[in-house]
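A structural walkthrough
For reference, the chains in residue letters:
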Amino acid sequence: MDFNPCMKHQLIRKTVREFAENEIRPLAAEMDKGPGFPDDLMEKMKPLHYFGLQVPMHLGGADLDSISYAIVIEEISRVSAALGLCITVHNSVGIYPILRFGTREQQQQFVPPMAAGERIGAFCLTEANAGSDAGGVETVAQETEQGFVLNGTKIFVTNGGICGTILVFAVSDMDPARSSVFIVENHTPGFSVGEIEDLCGMRANPVASLFFEDCRIAADHCLGKPGQGLKIGLTALDTGRIGVAAQALGIAQAAFEESVTYAKARQQFNQPISRFQTIQNYLADMAVQIDASRLLVHRAAALKDKGQPFSAQAAMAKLHCSTTARTVTNLAVQIHGGYGYSKEYDVERYFRDAKVTEIYEGTSEIQRMVIARDLLTRPV
């Protein structure tokens with residue numbers, strides 16, 4: 001078993017890091033002040049295939065393996081977690097379900113403009129009464145002779161303010177026990193975007209509520225088979241959790257690097273604080289957790305690429321990486337002392353961004369349920 005990254009993965013990390021440092025970092029703090037991403041930055045990302053990381057080449061994507069995908073998300077999130085969130089949600093729970101469950105016609109219609117970054121993807125599952133309870137969806141799809149009419153509200157939608165192609169979970173008025181997934185475009189009559197949420201972290205991402213009021217869509221905009229909503233959702237979230245784990249890993253890596261640099265420079269009692277045993281212990285603990293997190297992410301990604309079951313492993317990676325992000329950013333603020341609580345230092349932003357990785361795409365409690373279910377169903 002070789003734990004060293006291959007030349008391809010080394011090159012991808014180097015290339016993405018250079019872009020992130022040169023193009024994203026100068027804008028990251030300013031983006032954090034308000035929702036949205038600069039148009040010129042998004043334009044620079046389009047030819048680099050960041051919006052079609054695992055999309056087949058014939059549909060306009062880069063056709064990367066899952067480890068490469070995780071590396072890209074980690075490196076972008078290391079500089080701007082909110083932009084990393086945009087990219088991972090767009091690629092994983094936005095595009096992937098269409099590639100996995102869509103017809104050839106649906107793939108050809110919806111995927112190329114998404115892979116080109118012309119239409120940003122969103123995943124609409126969460127409602128006021130349906131978060132961790134994926135089966136509690138109350139948005140209704142009424143079947144008509146022309147197709148379907150959607151009515152309902154989705155909340156906390158990542159990319160909501162800029163989305164162009166939306167996957168919407170809704171139950172049939174004839175069978176409220178089973179949900180289906182519908183592909184809705186933002187120009188569809190009856191669709192509207194609510195106010196952008198004023199969140200603690202990930203502030204650059206325009207998270208919003210989306211409204212569907214007598215929103216009429218064609219029959220061929222139903223993804224997969226009617227009633228397959230739960231299956232599609234769980235499959236998408238398995239993939240999405242690899243991306244969120246990589247995002248959390250990037251946040252932790254950034255906080256760790258800032259802490260090492262600060263500890264070497266900060267003087268107390270006529271010596272750098274890096275000489276103090278407590279600070280050394282903090283840094284050692286951070287490094288161990290980050291390395292373990294990266295191995296878990298890459299294991300889940302490798303299993304996915306081999307076509308093997310990876311649901312539990314993705315949940316492990318997401319659980320461990322999100323916990324690591326929260327722990328490491330907390331220690332980073334502690335190492336920085338009062339400066340760590342100031343917006344003049346990036347660790348303050350990392351600290352705010354880290355917490356939500358324990359919540360979205362399945363809370364930590366849900367991840368433990370997924371892991372335990374796998375453990376208890378394995379042959380003894």
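This report concerns the structure included in the present document. (Residues numbered from 1 in each chain as written. Predicted model: local features only at pLDDT ≥ 70, side-chain atom pairs only at ≥ 80, totals over all residues. Heavy atoms only, no water.)

This brings us to the pattern of salt bridges. Taken as a whole and judged by the stated rule, the model has 27 salt bridges. For R25, the salt bridge goes to E21, with nearest N and O atoms at 2.7 Å. Taken together, the residues R25 and E21, both in helix 1 (residues 7–31) and four residues apart, mark about one turn of the helix. We note a salt bridge from E118 to K46, for which the minimum N-O separation is 3.5 Å. (Salt bridge = Lys/Arg side-chain N within 4 Å of Asp/Glu carboxyl O. Helix = DSSP H or I, 4+ residues; strand = E, 2+ residues; numbered from the N terminus.)

Right, let's talk about the nonpolar core for a bit. Membership of the largest hydrophobic core comes to 92 residues, with the highest contact counts inside it found for I24, M45, I76 and L83. Counting residues per element, this core draws most heavily on helix 6 (residues 229–265), which supplies 16 residues. In this view, I76 contacts V16, I24, M45, Y50, L83, G84 and I87; residues no more than four positions away in its chain are not counted. Membership of the second largest hydrophobic core comes to 18 residues, among which are F148, V157, C215 and I217. (Core = buried A, V, L, I, M, F, W, Y, C linked by side-chain atoms within 4.5 Å. Buried < 20%, exposed > 50% of the residue type's maximum accessible area, 1.4 Å probe, protein only. Contact = heavy atoms within 4.5 Å.)

Moving on, we get to unusual backbone geometry. Non-glycine residue F269 carries a positive phi angle of around 55 degrees. By the secondary structure assignment, F269 is in the loop between strand 9 (267–268) and strand 10 (271–272). One non-glycine residue, E361, lies in positive phi territory at about 55 degrees. Within the secondary structure, E361 is located in the loop between helix 9 (346–355) and helix 10 (364–377). Classification of E361 by relative accessible area gives buried; the value is 13%.

This paragraph deals with the pairing of strand 5 (residues 179–185). The buried fraction of strand 5 amounts to seven of the seven residues, a majority that puts the element mostly inside the structure. Alternating residues of strand 5 divide into S179, V181, I183 and E185 and S180, F182 and V184, and every residue in both groups is buried. As judged from the seven bridges shared by strand 4 (residues 163–172) and strand 5, these two strands associate in the antiparallel manner. Each bridged residue has a counterpart across the sheet, and for L167 the counterpart in strand 5 is I183. The turn joining strand 4 and strand 5, which pair antiparallel and follow one another in sequence, is formed by six residues. Here two bridges tie strand 5 to strand 8 (residues 222–223), and the two strands are oriented antiparallel to one another. Residue pairing across strands places F182 opposite C222, the latter belonging to strand 8. (Pairing = 2+ DSSP bridges.)

Our focus in this paragraph is helix 6. At 3.6 residues per turn, the α-helix brings residues three or four places apart onto the same side. Counted at 1.5 Å a residue, the expected span for helix 6 with its 37 residues is 54 Å, and the 53 Å between its end C-alpha atoms agrees. Among the 37 residues of helix 6, 28 are classified as buried, and the element is accordingly described as predominantly covered. (Expected span 1.5 Å × (residues − 1).)

Taken as a whole, this structure holds eight aromatic pairs when the rule is applied. Taking the centre distance of 5.6 Å and the plane angle of 70 degrees together, the rings of F19 and Y50 count as edge-to-face. Remark: Y50 occurs in the loop between helix 2 (39–45) and helix 3 (66–79) and F19 occurs in helix 1; sequence separation between them is 31 residues. The same class applies to F19 and to Y50, which are both buried. Considering the side-chain rings of F191 and F212, the 5.5 Å spacing of their centres and the 50 degrees angle between planes classify their relative orientation as tilted. (Phe/Tyr/Trp six-rings, centres within 6.5 Å; stacked < 30°, edge-to-face > 60°.)

Our focus in this paragraph is the state of the cysteines. Evaluation of the coordinates by the stated rule reveals zero disulfides. Free of any disulfide, C6 has its nearest cysteine sulfur in C321, 19 Å distant. No disulfide involves C86; its sulfur sits 11 Å from the nearest other cysteine sulfur, which is in C163. The buried category is assigned to C86, whose relative accessible area is 0%. (Disulfide = S-S within 2.5 Å.)

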